[in-house]
Amino acid sequence: MVDTTRFEGRVAVITGGASGIGFGAAQRILREGGKVSVWDRDAASLAALADKIGGAVHTVALDISDAAAVAQAAETTFAALGRIDILVASAGITGPNPPLWEYPVEAWKQVFDVNVHGLFYTNRAVVPFMLKNDYGRIVNIASVAGKEGNPNMSAYSASKAAVIGLTKSLGKELAKTGIRANCITPATVDTPILKQVNQAAIDYMLSKIPMGRFGTVDENAALICFLASEEVTFSTAATFDISGGRTTF
Ligand SMILES: NC(=O)c1ccc[n+]([C@@H]2O[C@H](COP(=O)([O-])OP(=O)(O)OC[C@H]3O[C@@H](n4cnc5c(N)ncnc54)[C@H](O)[C@@H]3O)[C@@H](O)[C@H]2O)c1
């Protein structure tokens, strides 16, 4: 059931919105009346985005691990669309799958540069614009891996635990304002990110889901859009599971 007015008058920044979960969220916010600015490093996908998404979309090509580029993107989006009400921070990478004691140091740093530092830069850049209107909804995309830890995904798991911790701090800092900051912890979704992971890791992740299947982009977009909506008033600094029963705490 699509409410074509739910995001009327709202502007959403979606990092990683050129693909997968971010794309699904961007498409749904657009369909439900919002304006969308997609920030992604995949310039080719951004160029084709309006056709694929089925509507006008503002885009910024950037690497979120570049703090100055992220700060500039917030200014550019505000100048183009007039406000920033929603952030869906979906850009992320998995890194490789060796055990921790063989994990390449540079790969570990890269995972943290994108999943933690990039998400920090993004949250940091948009909050001042949300404070202008004393309104905002932040949805950070963590992972079940951040709660449970996946073997051979130590950098990824640790980075997603950091996203949960960051969101808990930020939500408390903003609790007396009109901004709500929450995160979601999906179990595996069949998106292009799985090309970065080996088959053994994919098999492991599927075996841990009691429903016996992966989640879908649409299921994640539905939860993200609820958390990005005005209806969410008393939830902040919280972690919402979407895991087919995998997460039990
Ligand atoms: N798919 C899953 O199984 C799953 C499960 C739990 C959590 N997540 C998380 O959901 C988020 C989205 O994943 P997805 O499955 O949609 O993956 P995806 O690969 O389909 O999309 C990720 C997007 O992020 C962009 N991106 C990556 N690094 C970037 C950077 N440095 N700067 C700017 N853009 C960058 C990519 O270009 C891509 O468009 C990620 O944070 C991921 O960790 C995914």
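Residues numbered from 1 in each chain as written. Predicted model: local features only at pLDDT ≥ 70, side-chain atom pairs only at ≥ 80, totals over all residues. Heavy atoms only, no water.

**A short note on the overall build of the protein chain**
When helices and strands are counted, the protein chain shows nine helices and seven strands. Computed over its C-alpha atoms, the radius of gyration of the protein chain comes to 17 Å, within 12% of the 18 Å expected for a compact globule of 249 residues. When the 249 residues of the protein chain are sorted by exposure, 53% land in the buried category. Residue pairs at least 24 apart in sequence account for 72% of intrachain contacts in the protein chain once pairs closer than 6 positions are excluded. (Helix = DSSP H or I, 4+ residues; strand = E, 2+ residues; numbered from the N terminus. Rg over C-alpha atoms; globule rule 2.2 N^0.38 Å. Buried < 20%, exposed > 50% of the residue type's maximum accessible area, 1.4 Å probe, protein only. Contact = heavy atoms within 4.5 Å.)

**A few points about unusual backbone geometry**
The phi dihedral of Asp134 is positive, around 45°, even though this residue is not glycine. Considering the arrangement of structural elements, one finds Asp134 in the loop between α5 (105–132) and β5 (136–141). Here the phi dihedral of Ala237 falls at roughly 60°; this positive angle occurs in a residue that is not glycine. Its relative accessible area of 14% is what places Ala237 among the buried residues.

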